[in-house]
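Residue-level listing of the chains:
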Amino acid sequence: MNIGFQGEPGAFSDQAAQALIAGCTTAGFADFDALIAATAAKDVDAGLLPVENSIFGAIARAYDLLWETPDLYIIDETSIAVEMCLIGIPGATEAGILEVRSHPVALEQVRRFTDTHPGWRRTAVDDTAGAVAEIMAKRDPKIAAVGPAFAATRYGATVLRRAIQDDTQNFTRFYLLAKTPVAKPRSDRAVVGIEIPHRPGTLRDALGAFADQRIDLRNIVARPNHIDPFHYRFFFEIRAVDGERLNAALAAVDGSTRLFGRY
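Here goes a summary of the coordinates provided.

What counts and what doesn't
Residues numbered from 1 in each chain as written. Predicted model: local features only at pLDDT ≥ 70, side-chain atom pairs only at ≥ 80, totals over all residues. Heavy atoms only, no water. Salt bridge = Lys/Arg side-chain N within 4 Å of Asp/Glu carboxyl O. Helix = DSSP H or I, 4+ residues; strand = E, 2+ residues; numbered from the N terminus. Buried < 20%, exposed > 50% of the residue type's maximum accessible area, 1.4 Å probe, protein only. Phe/Tyr/Trp six-rings, centres within 6.5 Å; stacked < 30°, edge-to-face > 60°.

### Brief notes about the pattern of salt bridges
And step 1. Scanning all chains against the criterion turns up 23 salt bridges.
And step 2. The partner of Arg199 in a salt bridge is Asp254, and the shortest N-O contact between them spans 2.4 Å. Residue Arg199 is located in the loop between strand S12 (190-195) and helix H8 (202-212), and its partner Asp254 is located in the loop between helix H9 (243-252) and strand S15 (256-262); the two are separated by 55 residues in the primary sequence.
And step 3. In this structure, Arg218 engages Glu237 in a salt bridge whose closest nitrogen and oxygen atoms are separated by 2.9 Å. Of this pair, Arg218 sits in strand S13 (residues 216-224) while Glu237 sits in strand S14 (residues 232-239); the two residues are 19 residues apart in sequence, bridging distant segments of the chain.
And step 4. In this structure Arg218 comes out as partly exposed when scored by relative accessible area, which is 26%.
And step 5. The network of salt bridges with shared partners includes Glu52, Glu77, Arg173, Arg189, Arg218 and Glu237.

Here you go:
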């Protein structure tokens, strides 16, 4: 399979794709919108979209794109530990660094470590793996990157220090999306979306429809309905459920529902 992801080669998403499907090829895209467009056009076999980080929560644009692209299906999911590394060119040393480059979120995630080096200049760039590619192109031992060890291997850079992130329990979860649903022998997870009337009790009743079928809601995400301001769409993640009970719950919801995938 050829799997699309957001970012430069060597990014955490690239690492997650290759860990999920051994032997796959990967293709990077500039942003989530380009990734989803390529997946919908079947320029790639599937797209790996990050949807949640264990520290920062749901990734808003990812859920909006799910709703806006009804002809894509969730066929699998995976998660990856976000281990930030200090990366330099071969021969560089931590003592010789004057500047570190990375994505703004990555720089924020290693603030405690970089604060112990007050002389370092922090420079924001578009991508963690891209930062590694940049320092390798410049070949300046005074400039380092913050990013995944996977990117260091990809570009021939050197990991100067591992696990410099402030929070060691940092994970990102992804959905694998494809144009065609994939039947599995045991598909007991699902993601559904609902739009319900804006009146008292409708969300309670929708939750009750799933509870009546003994369905475990693993996660609920609310996103604004951009067509109708201050009204909301809800995404329900479900685990350990069979199709019959899921269909019964969806039929009992007073509103519109959408099944994004069973996997």
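### Some details on unusual backbone geometry
And step 1. One non-glycine residue, Lys42, lies in the positive phi region at around 60 degrees.
And step 2. Structurally, Lys42 can be placed in the loop between helix H2 (32-40) and strand S3 (46-53).

### As for the packing of aromatic side chains
And step 1. One pass over the structure, following the stated rule, counts six aromatic pairs.
And step 2. Consider the rings of Phe210 and Phe236, whose centres lie 5.2 Å apart with planes at 75 degrees: the pair is edge-to-face. Linking Phe210 in helix H8 with Phe236 in strand S14, this pair joins segments that are 26 residues apart in sequence.
And step 3. Centre to centre, the rings of Phe235 and Phe260 are 5.5 Å apart; their planes meet at 25 degrees, and the pair counts as stacked. Linking Phe235 in strand S14 with Phe260 in strand S15, this pair joins segments that are 25 residues apart in sequence.
And step 4. Looking at Phe235, the relative accessible area reads 2%, which means it is buried.
And step 5. A connected cluster of aromatic rings, assembled from ring pairs, spans Tyr63, Trp67, Phe235 and Phe260.

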